[in-house]
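The chain contents come next:
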Amino acid sequence: MAADPETLKYTLPEDRIPRQWYNLAADLPEPPPPPLHPGTGQPIGPDDLAPLFPMALIGQEVSQEREIPIPDPVRDIYRLWRPTPLYRARRLERFLDTPARIYYKYEGVSPAGSHKPNTAVAQAYYNKEAGITRIATETGAGQWGSALAFAGALLGLQVDVYMVRVSFDQKPYRRALMESYGARCVASPSDETAAGRKILAEHPDSTGSLGIAISEAVEMAAKREDTHYALGSVLNHVLLHQTVIGEEAVAQLEQTGDYPDVVVGCTGGGSNFAGIAFPFIGAMRRGGSKVRVVACEPVACPSLTRGTYAYDFGDTGHLTPLVKMHTLGSEFIPPGFHAGGLRYHGMAPLVSHLLNLGLIEAVAYNQVECFKAGVDFARVEGVLPAPEANHAVKGAIDEALKAKQAGEARVILFNLCGHGHFDMQAYADYFAGKLTDHSYAEADLQAALAHLPKVA
Ligand SMILES: Cc1ncc(COP(=O)(O)O)c(C=O)c1O
């Protein structure tokens, strides 16, 4: 059905919230290399993960089923904000004077302001079902911590959030939001854990990193019977839960009569990117239309564009299994730039595998050019994006300008994965000219990679 040619917003009723998550594993030409036990070097089994995750999530982590049913109680909570709108960015198209047709899926309408609740609710639900009463986690930008705090409030779970120090200081209101939902928020590195104390002994002024905060949360979960760990990105089951984004976008694009030539997402650990892109990659693998898929990351933390595809630890304290991913080395601590959610040394194994197979592309942007793109976007489309999302906005704008140069009416879809309402200090710093770009000499990157674990 062709919609009104002036339509800006393509919506779906609540009964069109997907009933299944889409599992890309079913459509891959070859499976990604398995996670390994750091002690034995052998593939890990469910029992290795059982102290941290409920069996239902461990099952999803290794599932090859194409469709995984979404439990009704999870769909009932999704109703609070899903389906999210798909917008046609007509004003941005006019601003860029491009023949491209630009669409964006807006995940900022969730209670926490980003895509993160899509998996937070699912993870909290399965933990609750397994009799767990407390979840420990990390947060970078604060979006994930807020999302899990929200999910914990609705499902009756205590949530402890280790928040990367630099974000903790930059974003006091994110902390207040988590506390409003009843969570406990601790600046990381902290003296609550051995991993945190070790870092503080060596670097008392450490700005922290996602890798350190993960170590702290994993340590707390491993120590306590009543506590599990939840990760906001990277793992297969987290990426799986985010596919509701792309599944809805497929249905919404049917209303427009368009199909994307290019799909764009920002990548920190890879989850919002996977959410928008995997259903389209799956359709292509099953013989559907060809799409280019572009992952946008920061120059200051360039795992896909400058990292090595190797087995590495997911955390700085080396408590996690080894996963094969594009990594900058688990000891790499990125500078405190203003996209806290993208300050992760590694990348989801599934996203890394796709890059290795040539099924996706990756590009890196500096923060100042991303803030400019975000401000341009806000001035024509109204939504002020999260600093992380600005990388996708910049990627979409670049694609639209390339289409203009080629004189082609390409269809561009991107994921506007969160709003920036808690990130105003970053915007204030941008307007004050205080933001700087960070890059690395090859030698510095090689130094961090020198400590990669040896795997036979
Ligand atoms: C708004 C937003 N976008 C993107 C990310 C990056 O995570 P991922 O790559 O898993 O989507 C984060 C992480 O905190 C975030 O808060």
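Now for a look at the structure at hand.

**So, the sheet that holds strand β9 (residues 227–229)**
(1) Moving on: With parallel pairing, four strands are arranged side by side in an open sheet as β8-β7-β6-β9. Edge positions in the sheet fall to β8 (184–188) and β9, since each has one partner strand and no second. Ignoring which end each strand starts from, the neighbouring axes of this sheet average 25° apart.
(2) Moving on: As defined by bridge partners, strand β7 (residues 158–164) adjoins β8 across five bridges and the pair is classed as parallel. Across the sheet, residue Tyr 162 finds its bridge partner in β8, namely Val 186.
(3) Moving on: Lying on the sheet, helix α8 (residues 172–180) is in contact with β6 (134–139), β7 and β8; it crosses β7 at an angle near 170°.
(4) Moving on: Strands in contact with helix α10 (residues 210–223) are β6, β7, β8 and β9; relative to β6, the strand with the most contacts, it is inclined by about 170°.

**Some words on the nonpolar core**
(1) Moving on: Core analysis: the biggest nonpolar cluster contains 39 residues, and Ile 102, Val 264, Phe 377, Ile 412, Phe 414 and Leu 416 have the highest contact counts within it.
(2) Moving on: Every element with two or more residues in this core is listed here: α4 (90–96), β5 (101–106), β10 (262–266), β11 (292–298), α16 (367–381), α17 (387–406), β15 (411–416) and α19 (442–449).
(3) Moving on: Examining the composition of this core, we find that seven residues originate from one element, α17, more than from any other.
(4) Moving on: Apart from the residues lying within four places of it in its own chain, the contact partners of Val 264 are Ile 276, Val 294, Cys 296, Ala 392, Gly 395, Ala 396, Glu 399, Ile 412, Leu 413, Phe 414 and Asn 415.
(5) Moving on: In this structure, Ala 124, Leu 157, Val 161 and Met 178 belong to the second largest nonpolar core, which totals 36 residues.

**Some remarks on the layout of surface pockets**
(1) Moving on: What the largest pocket holds in volume is close to 820 Å³.
(2) Moving on: Pro 35, Glu 61, Val 62, Leu 235 and Asn 236 are the residues nearest the centre of the largest pocket, which is lined by 44 residues in total.
(3) Moving on: Of all elements in the fold, only α1 (46–49), α2 (55–62), α10, α11 (236–241), β13 (322–327) and α15 (349–356) reach the threshold of two or more residues within the lining of the largest pocket.
(4) Moving on: Of all the elements, α2 adds the most residues to the lining of the largest pocket, at five residues.
(5) Moving on: A class-by-class count of the residues in the lining of the largest pocket yields 32 nonpolar, nine polar and three charged.

**Overview of empty space enclosed by the protein**
(1) Moving on: Applying the stated criterion across every chain yields a total of three cavities of 30 Å³ or more.
(2) Moving on: What the largest cavity holds in volume is close to 360 Å³.
(3) Moving on: Considering the residues around the largest cavity, the lining is formed by 29 residues, among which Lys 116, Leu 210, Ser 233, Gly 269 and Gly 341 are closest to the centre.
(4) Moving on: Every element with two or more residues in the lining of the largest cavity is listed here: β6, α6 (143–155), α10 and α13 (271–285).
(5) Moving on: When the residues that make up the lining of the largest cavity are grouped by side-chain class, the tally is eleven nonpolar, 15 polar and three charged.
(6) Moving on: Its boundaries defined by the atoms lining it, the second largest cavity holds a volume of some 60 Å³.
(7) Moving on: Taken together, Pro 298, Val 299, Ala 300, Phe 337, Tyr 365, Asn 366, Gln 367, His 391, Thr 436, Asp 437 and His 438 form the lining of the second largest cavity.
(8) Moving on: Of the residues contributing to the lining of the second largest cavity, the split by class is five nonpolar, five polar and one charged.

Here is what the cut-offs are and how they apply
- Residues numbered from 1 in each chain as written.
- Predicted model: local features only at pLDDT ≥ 70, side-chain atom pairs only at ≥ 80, totals over all residues.
- Heavy atoms only, no water.
- Pairing = 2+ DSSP bridges.
- Helix = DSSP H or I, 4+ residues; strand = E, 2+ residues; numbered from the N terminus.
- Axes fitted to C-alpha atoms, helices over the stretch in contact; angles between N-to-C directions.
- Contact = heavy atoms within 4.5 Å.
- Core = buried A, V, L, I, M, F, W, Y, C linked by side-chain atoms within 4.5 Å.
- Buried < 20%, exposed > 50% of the residue type's maximum accessible area, 1.4 Å probe, protein only.
- 1 Å grid on protein atoms, 1.4 Å probe; cavity = no way out; pocket = protein on both sides within 12 Å on 5 of 7 lines; lining within 4 Å.
- Points joined across faces, edges and corners; volume = space filled by probe spheres on them.
- Nonpolar A, V, L, I, M, F, W, Y, C, P; charged D, E, K, R; others polar.

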